[in-house]
Amino acid sequence: APCPARRNPLSPRAPRAAPPPCAPCRQAAGPGRSRARRSPDALFELGQAEYYVGYAHVMRGEIEEAQWHWYRYGVLTRRLVNADPYNPTYVMELAFTLNNIGAVEQRKLDPDFVSSLERLNQAVQFSRIALGLEPDNVAYQRELTTMLEWKADAHWGLCELGEALEVRQQTVDRRRDFLRDNPEDRWDRQDLAETLSGLAGIQREIGLIGAARNSLREAVEIMQSLSEAAPDDVRLAWEALYREVRLGRLMMQDDEQAQAAEMILRHAPRIAELATVASQADTVIAVEAALFEIDHARVLFERGKIRPGEEQLRIAASGLAQLVTDHPDYRPALEALVRVYYEYREHFGTVPGAEFESLVDRFPVTPDNVQSCADAALAARLAVARGDQDLAAQYVDYALDKGYYEPD
């Protein structure tokens, strides 16, 4: 049999350790290379190479390049399945391929969530076929759960919030089942924390603030315990800390504003320290750090510290502007820049610099193409910042009609 499929780590978390090369893979790299190029083992390994090159591009925010490599990964994997359709490893690898293509579509500057959902439904289907061929494979059961999470995100991107909530709740239940069987497994605990975080995001957007706070509080507790057990793991430290800040954001929507503000101020130095270390090679952390600066600035404004708050927004705007310039097709950076633009104009009636107008002009959402409620909310903010209340009202009406009640 070929080497086992690597874990499918499109999320920024590091993958589980890959198994060592198995005998057929080592043989394919040795004598007889002309024959090996046509062998299933060689096709499999070439597909793996295409996957990891694509993944490196994802981590750098180079979405178009990643998509190109993952389409090649898909072509190679389809050849394997066509040649041996009852091989569960190959079938699951095809599910990985479809999942990656569907997931990376969501990170494009102008994503097609209908296409993403179609690919993710196919990924779920092939994953279940692989499980039918190998029903006791717990790794496949876990990967199916990951694919369902991406499917929930596609529903979210189409503003199908009820469907997104339902699928997210299913994935939380599945993660709890895995952890019940392996209560000390680090990866199962981390998976549950990440899944709870996703559920909290949907709960918040439909106005279930108490439920969202409970989900996120549990996620924070898990991540903190994992981070304490691995104090040198910068990624884990960041995941725990940033989730706590997200919890603080939820607390500010309720009756715990003072406590939340103290939490944000207390964590600001550590956030800056970790972001400096980790964001250089990770665009996800760079964007999250900038979003924290918005929360930090809000707290400073509320306490009358206008100049320090303005400085935090300028720091966020400058970093995001550079990120958008360096990675023009990386949508999360542009979304965060629009948020900073809105906050700055709300407080100061101007923008941090003339160059920001042209950068936020890249935000691709219009009333004719809006799909996501989160996009509608962001487009409404941009319209308000530019003084177009009628346009803002169109976006707000769209989101409200879909059941979007995010408290901000």
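Below is a summary of the structure that appears in this document.

Calculation criteria
Residues numbered from 1 in each chain as written. Predicted model: local features only at pLDDT ≥ 70, side-chain atom pairs only at ≥ 80, totals over all residues. Heavy atoms only, no water. Helix = DSSP H or I, 4+ residues; strand = E, 2+ residues; numbered from the N terminus. Buried < 20%, exposed > 50% of the residue type's maximum accessible area, 1.4 Å probe, protein only. Contact = heavy atoms within 4.5 Å. Areas by Shrake-Rupley, 256 points an atom, 1.4 Å probe, with all protein chains shown as cover. Disulfide = S-S within 2.5 Å. Salt bridge = Lys/Arg side-chain N within 4 Å of Asp/Glu carboxyl O. Phe/Tyr/Trp six-rings, centres within 6.5 Å; stacked < 30°, edge-to-face > 60°. Lys NZ or Arg CZ within 6 Å of the ring centre and 35° of its normal. Expected span 1.5 Å × (residues − 1). Polar contact = N/O pair within 3.5 Å; in protein donor to acceptor, adjacent residues only side chain to side chain. Axes fitted to C-alpha atoms, helices over the stretch in contact; angles between N-to-C directions. Parallel < 35°, antiparallel > 145°, perpendicular 65-115°, else oblique. Left-handed = near helix turned anticlockwise from the far one by under 90°. Nonpolar A, V, L, I, M, F, W, Y, C, P; charged D, E, K, R; others polar.

Details of the overall build of the protein chain
Along the protein chain, the regular secondary structure elements total 18 helices and zero strands. In the protein chain, which comprises 408 residues, the share counted as buried stands at 55%. Pairs at least 24 apart in sequence give 67% of the contacts found in the protein chain among residues at least 6 apart. Accessible surface for the protein chain amounts to roughly 17800 Å². Of this, 50% is attributable to carbon and sulfur atoms.

With respect to the state of the cysteines
Covalent bonding between the sulfur atoms of two cysteines defines a disulfide. In total, this model carries one disulfide according to the counting rule given. Residue C159 pairs covalently with C373 via a disulfide, S to S 1.4 Å. One disulfide, between C159 and C373, carries an S-S torsion of -70° and so falls in the left-handed class. Note that C159 is positioned in the loop between α7 (138-157) and α8 (161-181) and C373 in helix α17 (residues 373-385), a separation of 214 residues in sequence. Note on accessibility: C159 and C373 belong to one class, buried.

Remarks on the pattern of salt bridges
If the charged atoms of two oppositely charged side chains come close together, the side chains can form a pair. All chains considered together, the criterion is met by 26 salt bridges. One salt bridge in this structure joins R235 and E239, with 2.8 Å as the shortest N-O distance. Of the two residues, R235 and E239 are both situated in helix α11 (residues 234-251); the distance of four residues between them amounts to about one turn of the helix. Both residues of the pair, R235 and E239, belong to the buried class. Residues joined in a network through salt bridges with shared partners are R204, R298, E343, E406 and D408.

A few points about the side chain of Q203
Relative to the assigned elements, Q203 resides in helix α9 (residues 186-205). For Q203, a relative accessible area of 7% corresponds to the buried category. Apart from the residues lying within four places of it in its own chain, the contact partners of Q203 are L165, L208, A211, A212 and S215.

Quick look at the environment of T77
Following the sequence through the fold, T77 ends up in helix α4 (residues 63-83). For T77, a relative accessible area of 2% gives the class buried. Excluding residues within four positions of it along the chain, T77 makes contact with Y90, E93, L94 and T97.

Comments concerning the packing of aromatic side chains
In this structure the tally under the stated criterion is seven aromatic pairs. A centroid spacing of 4.8 Å and a plane angle of 70° characterise the contact between Y51 and Y52, whose relative ring orientation is edge-to-face. Note on Y344 and F348: the rings are 4.8 Å apart at their centroids and 45° apart in plane angle, and the pair reads as tilted. Within this pair, Y344 and its partner F348 are both found in helix α15 (residues 331-348), separated by four residues, close to a single helical turn. Judged by its relative accessible area of 26%, F348 is partly exposed. The ring of F178 has R142 lying over it, and the distance from NZ or CZ to the ring centre is 5.1 Å. For R381, the ring lying beneath its charged end belongs to Y342, and the centroid distance is 5.9 Å.

What about helix α6 (residues 113-133)?
Compared with an ideal rise of 1.5 Å per residue, which puts 21 residues at 30 Å, α6 spans 30 Å between its outermost C-alpha atoms and is within 8% of the ideal. Taken together, the buried positions of α6 are occupied by F113, S116, L117, L120, A123, V124, F126, S127, A130 and L131. Next to the buried residues of α6 lie α4, α5 (88-105) and α7. For α6, the N-terminal capping position is held by D112, with its side-chain oxygen 3.2 Å away from the main-chain nitrogen of V114.

Thoughts on the packing of α6 against α7
Packed helix pairs are specified by the crossing angle of their axes together with the interaxial distance, meaning the distance between the axes. Closest axis-to-axis distance for the α6/α7 pair is 9 Å, and the angle between their directions is 160°. Classified by the angle their axes make, α6 and α7 are roughly antiparallel. Note on packing geometry: the crossing formed by α6 with α7 is left-handed. When α6 is examined against α7, the residues F113, S116, L117, L120, N121, A123, V124, S127, R128, A130 and L131 are found in contact with a partner set consisting of Y140, Q141, L144, M147, L148, W150, K151, D153, A154, H155 and G157. Here the residues of the contact of α6 with α7 sort into 13 nonpolar, six polar and three charged.

What to know about the side chain of H57
With respect to the helices and strands, the residue H57 is situated in helix α3 (residues 40-59). Judged by its relative accessible area of 18%, H57 falls in the buried class. The residues contacting H57, other than those within four sequence positions of it, are E62, E65, A66 and H69.

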